[in-house]
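# Descriptive structure summary
Spelled out from the first residue to the last, the chains are:
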Amino acid sequence: NSGFLYIAGHGMYDGISTGHGCGITTQTNKPSHKNISNTNFSNSQCVILSACSTGALVGNQYVGLGTTFIDNGARTLIVEPLVCLVMSLPKICV
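Just so you know, these numbers come straight off a predicted model, no measurement behind them.

## Things to note about the packing of aromatic side chains
Counting across every chain of the model gives one aromatic pair. Ring geometry for Phe41 and Phe69: centres 4.6 Å apart, planes at 50 degrees, overall tilted. Pair noted here: Phe41 is in the loop between strand 5 (33–35) and strand 6 (46–50) and Phe69 is in helix 1 (residues 66–71), with a separation of 28 residues, a long-range link. Phe69 matches Phe41 in its accessibility class, with the two residues each being buried.

Here you go:
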């Protein structure tokens, strides 16, 4: 766990590929990727995801990979490269 966590790569709705078949995911069908579904991020003050397609706004609700970080304890989430929207705590920027 780290106070700040920055992850960059090729984004998908359920994961980020960081190259050479490695990455992170919330799915169990990608054995070369680290499944973060049950990872504790409570020590993470800020998580930055710099990858396309890692989430979307559905109404005023953010859905996608980033919700795993918030659900598992991260305090702030920034999803690049989209426009930043400040929402209620925990803060989520997309």
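Text resumes after the structure shown.
## Some words on the sheet that holds strand 2 (residues 10–12)
With respect to topology, four strands assemble into an open sheet ordered 2-3-4-5, the strand pairing being mixed. The outermost strands of the open sheet, each flanked by one partner alone, are strand 2 and strand 5. Recorded for the sheet is a direction-independent mean angle of 20 degrees between the axes of neighbouring strands.

## Let's talk about the pairing of strand 7 (residues 55–58)
Where a strand is regular, its side chains alternate between the two sheet faces. As defined by bridge partners, strand 7 adjoins strand 8 (residues 61–64) across four bridges and the pair is classed as antiparallel. Looking at strand 8, one finds that Leu57 is bridged to Tyr62. Linking two consecutive strands that pair antiparallel, namely strand 7 and strand 8, is a turn of two residues; a positive phi of about 70 degrees is found at Gly59 within it.

Parameters at a glance
Residues numbered from 1 in each chain as written. Predicted model: local features only at pLDDT ≥ 70, side-chain atom pairs only at ≥ 80, totals over all residues. Heavy atoms only, no water. Phe/Tyr/Trp six-rings, centres within 6.5 Å; stacked < 30°, edge-to-face > 60°. Helix = DSSP H or I, 4+ residues; strand = E, 2+ residues; numbered from the N terminus. Buried < 20%, exposed > 50% of the residue type's maximum accessible area, 1.4 Å probe, protein only. Pairing = 2+ DSSP bridges. Axes fitted to C-alpha atoms, helices over the stretch in contact; angles between N-to-C directions.

In short, geometric facts, not functional conclusions.
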